[in-house]
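A structural walkthrough
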Amino acid sequence: MPDKPLLDKQFSPWLPDEPGFTFRAKDDLSDIPVKAYLEAIREHYPEESDEVQSIVEWLKRRDQWRSENPGKCKLPDYKAKGE
């Protein structure tokens, strides 16, 4: 079964009235935007805040999952236009 696209025309079931973006642990590039977002959040919230700690925790869980599932980690799938 092919992966679902990261950006979809459908809204998220968790956010039915607004668009969302999904970062998957298996995506080799997912830490780049998440770490950038973490640095931006740190400019506005203290380190012990839920806003910062939820992202820190996600990165820890992502790293743990990746170490336990190295064969599932990869670059995102790309489909050429018209496929």
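Okay, so let's go over this structure.

**Observations concerning the nonpolar core**
Counting residues in each nonpolar core, the largest one holds seven residues, listed as Val34, Leu38, Ile41, Val52, Ile55, Val56 and Leu59. Among the elements of the structure, helix H1 (31–42) and helix H2 (50–68) are those that each provide at least two residues to this core. Examining the composition of this core, we find that four residues originate from one element, H2, more than from any other. What Ile41 contacts, discounting residues up to four positions off in sequence, is Glu51, Val52 and Ile55.

**Thoughts on the environment of Arg61**
Examined against the element boundaries, Arg61 turns out to sit in helix H2. Looking at Arg61, the relative accessible area reads 56%, which means it is exposed. Sequence separation between Arg61 and Ala25 is 36 residues; the distance between their C-alpha atoms is 8.4 Å.

**Here's the deal with H2**
The end-to-end C-alpha separation of H2 is 26 Å, in line with the 27 Å expected for 19 residues at 1.5 Å each. Buried within H2 are the following residues: Val52, Ile55, Val56, Leu59, Arg62 and Arg66. All buried residues of H2 project into a common sector of 120° when viewed along the axis, lining one side. Exposed side chains of H2 directed beyond 90 degrees from the buried face belong to Asp50, Lys60, Arg61 and Glu68. Looking at the packing, one finds that the buried side of H2 touches H1.

**Looking at the packing of H1 against H2**
Interhelical geometry of H1 versus H2 gives an angle of 160° and a closest axis separation of 9 Å. When the axes of H1 and H2 are compared, the pair comes out roughly antiparallel. Every pair of crossing elements has a handedness; the one defined by H1 and H2 is left-handed. Residues Asp31, Val34, Lys35, Tyr37, Leu38, Ile41 and Arg42 of H1 lie in contact with H2, whose contacting residues are Glu51, Val52, Ile55, Val56, Trp58, Leu59 and Arg62.

**Points about H1**
Compared with an ideal rise of 1.5 Å per residue, which puts 12 residues at 16 Å, H1 spans 16 Å between its outermost C-alpha atoms and is within 8% of the ideal. Every buried residue of H1 is listed here: Asp31, Val34, Leu38 and Ile41. Burial along H1 is one-sided: seen end-on, the buried residues are contained in an arc of 90°. Residues of H1 that are buried sit in contact with H2.

Reading the values: rules and limits
- Residues numbered from 1 in each chain as written.
- Predicted model: local features only at pLDDT ≥ 70, side-chain atom pairs only at ≥ 80, totals over all residues.
- Heavy atoms only, no water.
- Core = buried A, V, L, I, M, F, W, Y, C linked by side-chain atoms within 4.5 Å.
- Buried < 20%, exposed > 50% of the residue type's maximum accessible area, 1.4 Å probe, protein only.
- Helix = DSSP H or I, 4+ residues; strand = E, 2+ residues; numbered from the N terminus.
- Contact = heavy atoms within 4.5 Å.
- Expected span 1.5 Å × (residues − 1).
- Arc of directions from axis to C-beta.
- Axes fitted to C-alpha atoms, helices over the stretch in contact; angles between N-to-C directions.
- Parallel < 35°, antiparallel > 145°, perpendicular 65-115°, else oblique.
- Left-handed = near helix turned anticlockwise from the far one by under 90°.

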